[in-house]
Amino acid sequence: MAAIDLASRHGGRLKGLYVITHPHYTSSSSYLSDFAQVREFFVNATSKAGIETEWLLVDWNTVGTPLAEIVTNHSHYADTILVGQPTQLHSRRTNLDFHERLILGAGRPIVVFPGSGDIFQFGERVLVAWKAGRESVRAVNDALPFLQAATDISIVAMVTSHDNRAREEQPINLLQQHLARHHVKAATEIIVIQKGNAAEALLEQARQKKADLIVVGGFSYKSNRAPVLSPFTQELLLKAPVPLLISH
C-alpha cells in the first residue's frame, strides 16, 4: 500500500514484478497458483487507487540463475526499486546476499521495507545519514524527489571523536546550502557517539525525530577499492523499523 501511495503522490507508474527462479528443477503449477493470487491483489489495489501500472510474471528458464540477477536486470528500467527487509535465516551472509547484489548492481535507489508492521505511507519525515564522501552524496542525490516532497528533513552525521566532528562541519554545511538551492530545507546535526555503535545511534535519532524514512549510502571500500556492504548498512537493513532508501 505504501508503494501505491508513493506512486499517487509523485505521479508515478507502479510495476509489479513476480519472479520464478529454478535452482534445481523446472516450473510447477503451485508457482502459477501463487502468482494468480498475488496478481489479483495487485490489480485490485492499484485499480482502486487509479494509478498506471504494469504486472510482470518472469519465469526464468535458466536453472541456477540468482534472484538478485533477475531483479537487477529489470531494475535498470525503473526509477526506484521497492523490496522487503532481509529474512532472518541462520547465516547473516545469506540473509543479505540478495540485497547486497541488488544495491550494487541496480544503479537505482533501493527502498527496503521492514518485515514487520504495515506501512501505508512514508517519506514525510526524512532522516539522512551523512558522511562526507561518494556514498552519502549518491544517496542524497537519488533521494532528492523524496526530500523535495517531505515536510521535515534532518541530516545527521555520526562521528566517534571531536576531531572527526570538525572534519564533517564544512561538508554538512555545504550540503545544506546545496539542498537549499533545490528548495529543500533541512536541519543538520553532528553527533559524537558516546556509547554503542553508529547504527544504534542513528536508529535512536530516527525514533526521537519520528522519522518514517532513512536515507543512507550502501557501501564502504576495502584497501583495494572494492565495494563491500558496510557493517553500518548491514545493521540498518536487519533492524530498521522504518523504510530505508539505500543507494550506491
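Reading the values: rules and limits
Residues numbered from 1 in each chain as written. Predicted model: local features only at pLDDT ≥ 70, side-chain atom pairs only at ≥ 80, totals over all residues. Heavy atoms only, no water. Axes fitted to C-alpha atoms, helices over the stretch in contact; angles between N-to-C directions. Helix = DSSP H or I, 4+ residues; strand = E, 2+ residues; numbered from the N terminus. Parallel < 35°, antiparallel > 145°, perpendicular 65-115°, else oblique. Left-handed = near helix turned anticlockwise from the far one by under 90°. Contact = heavy atoms within 4.5 Å. Nonpolar A, V, L, I, M, F, W, Y, C, P; charged D, E, K, R; others polar. Phe/Tyr/Trp six-rings, centres within 6.5 Å; stacked < 30°, edge-to-face > 60°. Buried < 20%, exposed > 50% of the residue type's maximum accessible area, 1.4 Å probe, protein only. Core = buried A, V, L, I, M, F, W, Y, C linked by side-chain atoms within 4.5 Å. Patch = residues over 30% accessible without salt bridge, like charges linked within 9 Å, V, L, I, M, F, W, Y side chains within 5 Å. Areas by Shrake-Rupley, 256 points an atom, 1.4 Å probe, with all protein chains shown as cover. Salt bridge = Lys/Arg side-chain N within 4 Å of Asp/Glu carboxyl O. Polar contact = N/O pair within 3.5 Å; in protein donor to acceptor, adjacent residues only side chain to side chain. pLDDT = per-residue confidence, 0-100.

A. Broad picture of the packing of helix α8 (residues 198-209) against helix α9 (residues 231-239). Taken N-terminus to C-terminus, the directions of α8 and α9 make an angle of 45 degrees; their axes are 9 Å apart at the nearest point. The orientation of α8 with respect to α9, classified from their angle, is oblique. Where α8 crosses over α9, the two elements pack in a sense that is right-handed. Contacts from Ala-198, Ala-199, Glu-200, Leu-202 and Leu-203 in α8 reach Phe-232, Glu-235, Leu-236 and Lys-239 in α9. In terms of residue class, the contact of α8 with α9 is built from 6 nonpolar, no polar and 3 charged.

B. Local environment of the packing of aromatic side chains. Scanning all chains against the criterion turns up 4 aromatic pairs. Between Tyr-18 and Trp-55, the ring centres sit 6.4 Å apart and the planes meet at 40 degrees, which makes this aromatic pair tilted. A residue pair is termed long-range when its members are at least 10 positions apart, and Tyr-18 in strand β1 (residues 14-20) and Trp-55 in strand β2 (residues 53-59) qualify at 37 residues. Accessibility expressed as a relative area gives 15% for Tyr-18, which makes it buried. For Trp-55, a relative accessible area of 18% gives the class buried.

C. Molecular detail of the nonpolar core. Membership of the largest hydrophobic core comes to 37 residues, with the highest contact counts inside it found for Leu-102, Ile-110, Ile-214 and Leu-244. Judged by nonpolar contacts, the second largest core, of 29 residues, contains Leu-6, Ala-139, Leu-175 and Leu-245.

D. Broad picture of a nonpolar patch on the surface. A contiguous nonpolar surface patch, about 370 Å² in accessible area, is contributed by Met-1, Phe-41 and Phe-120. Structurally, the position occupied by Phe-120 is in the loop between β4 (110-113) and β5 (125-130). By relative accessible area, Phe-120 is classed as exposed at 53%.

E. Here's a closer look at the environment of Lys-239. Relative to the elements of secondary structure, Lys-239 occurs in helix α9. In the structure, Lys-239 is positioned 110 residues away from Ala-129 in sequence and 15 Å away in space, judged by C-alpha atoms. Contacts of Lys-239, omitting those with residues within four sequence positions, involve Gln-85 and Leu-203. Side chain to side chain, Lys-239 and Glu-235 meet in a polar contact 2.9 Å long.

F. Looking closely at the confidence of the model for the protein chain. Overall, the prediction assigns the protein chain a mean pLDDT of 88, with 92% of residues at 70 or greater. Mean pLDDT in the protein chain bottoms out at strand β9 (residues 219-221), which sits at 74, and peaks at β5, which reaches 97.

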